[in-house]
Amino acid sequence: MVIVHLVEPAEYGGRERVVQMLSQGLHSLGHEVHVIAVGSEAEALEPFCSPLADSGVRTHTVVVPPRGYTRERAAIADLCGRLRPEVVHTHGYRPDVMHGGGLQRLGLPVVTTVHGFTGGGWKNRFYEWLQIRAFRRFDAVVVVSRPLVDRMARAGVPRTRIHAIPNAWRPSSPDVPPLERVAARAALGIPRDDFVIGWVGRLSREKGADVLVRALPHLRDVPLAVSVVGTGPEQSGLQASAGRLGVDRRILWHGAVPDAGRVFKAFDAFVLSSRTEGTPVVLLEAMAAGVPVVTTRVGGVPDVVSPAEAVLVRSDDPGGLAAGIRAVYDDPVAARRRASAAAARLMRDFSVAPWLERYETVYAQVRQGVRAAA
């Protein structure tokens, strides 16, 4: 099958890793896979495209000015006309809204994966409204968590076109294996013997790093440090807030770390403090590393870990998050037991092979549907 993935990749993130894993996995199964990456700077697309090209996936970059919409549509239509895909798979707001309908008018089956929504201000909510409206026309809408099924149905997407496929996890490549604890701490510049809480993600409101910062005053008696991996628009505000709360000296700001999943063993606990999530890849990475998890009970998270495998707390609750962290510190034996159970569940329920098979089934269904309609 000829499959095209269309994405506007960010510097890093769960969506980007899912697209890479899906493309590489489908290629390994014998499909002809192409990835079209759209952006305004060729250099910014290279970190996303390079691992794909190295694994044999054919990559194509479409570099256009920020508002070069007409040129972008023409370039995508021309590429798809030459590649003659049997399925086009879009990921994210820009491909969904700008290209889904146009590609269908070319007679191409179009699938999208809904990786989640960030909410926020009115402008962002308006964009999400446009995106959801576009989903009504798609041949298939894949969602990565059960709560998103009902949201799509309420928005008018026919339930027969909605497919719930949680994200999967695969072991690291032998070429870039995960670092063990001492090496991971050395890579991050973390003292060898400190009790360290890890937080990994984009520093934006929906990810809730501010909740972790506000939890730290509740933990003044616990000798811990916080290791924050990631960048984003809220970083300066978070640093200022940490200063006002008197906890700034307890936080290490590492910025973006390539292949961040390799350093998870540096942490004594991993905190996911999000206000909204789909099926977060960072949670799967923490489970794979055997790190005790404290996470908010949002989106698809409760379908990934139960209280037997992680400490689950309410979202936007600094006191509750602090209590969850304290539970890991006070009872490391129970924390390690939960981490072991989480690692076992990851291997049992989130392996790549059945995940790829489910996507293949969706592609076959939409391809047959378009052929029958023709």
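In the block above lies the structure referred to throughout.
Residues numbered from 1 in each chain as written. Predicted model: local features only at pLDDT ≥ 70, side-chain atom pairs only at ≥ 80, totals over all residues. Heavy atoms only, no water.

(A) The arrangement of the side chain of Glu 206 in detail. Mapping Glu 206 onto the fold places it in the loop between β8 (195-200) and α8 (209-215). An unpaired buried charge is present at Glu 206: no salt bridge exists, and Arg 202, the closest side chain of opposite charge, is 4.5 Å distant. Leaving out residues up to four positions away in the same chain, Glu 206 has contacts with Thr 118, Ser 274, Arg 275 and Thr 276. (Helix = DSSP H or I, 4+ residues; strand = E, 2+ residues; numbered from the N terminus. Buried < 20%, exposed > 50% of the residue type's maximum accessible area, 1.4 Å probe, protein only. Lys, Arg positive; Asp, Glu negative; His and termini not counted. Salt bridge = Lys/Arg side-chain N within 4 Å of Asp/Glu carboxyl O. Contact = heavy atoms within 4.5 Å.)

(B) Inspection of the nonpolar core at higher detail. By size, the foremost hydrophobic cluster in this structure holds 31 residues, and its most contacted members are Val 200, Phe 264, Phe 267, Phe 270, Met 287 and Val 305. Among the elements of the structure, α7 (181-188), β8, β11 (269-272), α10 (281-289), α11 (301-304) and α13 (332-349) are those that each provide at least two residues to this core. Considering every element that reaches this core, the biggest residue donor is α10, with 6 residues. Apart from the residues within four sequence positions on either side, Val 305 is in contact with Leu 283, Met 287, Thr 295, Ala 310, Leu 312 and Arg 345. (Core = buried A, V, L, I, M, F, W, Y, C linked by side-chain atoms within 4.5 Å.)

(C) Summary view of helix α2 (residues 42-54). Helix length check: α2 (13 residues) gives 17 Å between terminal C-alpha atoms against 18 Å at 1.5 Å per residue, within 8%. Along α2, the largest kink reaches about 45° and is centred on Phe 48; proline Pro 51 follows within four residues of it. When α2 is considered as a whole, its buried residues turn out to be Leu 45, Phe 48, Cys 49 and Leu 52. Two residues or fewer past α2, Gly 56 is found with a positive phi of approximately 100°. (Expected span 1.5 Å × (residues − 1). Bend = angle between axes of the 7 residues up to and from the residue.)

(D) Region of the structure containing a nonpolar patch on the surface. A surface patch of nonpolar side chains, about 570 Å² in accessible area, is lined by Tyr 93, Trp 122, Phe 126, Tyr 127 and Trp 129. By residue number, the principal contributor to the nonpolar patch is helix α5 (residues 122-135), which donates 4 residues. Along the polypeptide, Tyr 93 turns up in helix α4 (residues 93-105). (Patch = residues over 30% accessible without salt bridge, like charges linked within 9 Å, V, L, I, M, F, W, Y side chains within 5 Å. Areas by Shrake-Rupley, 256 points an atom, 1.4 Å probe, with all protein chains shown as cover.)

(E) Up close: the sheet that holds strand β4 (residues 87-91). If you walk across this open sheet you meet the 7 strands as β3-β2-β1-β4-β5-β6-β7, and the pairing is parallel. Lying at the two open borders of the sheet, with one neighbouring strand each, are β3 (58-63) and β7 (162-164). Shown here is a sheet whose adjacent strand axes are inclined to one another by a mean of 20°, direction ignored. Direction of pairing for strand β1 (residues 2-7) relative to β4: parallel, over a ladder of 5 bridges. Residue pairing for β4: Val 7 is matched across the bridge by His 91. Along the sheet, helix α1 (residues 14-28) contacts β1, β2 (32-39) and β4; its crossing angle with β1, the most-contacted strand, is approximately 170°. (Pairing = 2+ DSSP bridges. Axes fitted to C-alpha atoms, helices over the stretch in contact; angles between N-to-C directions.)

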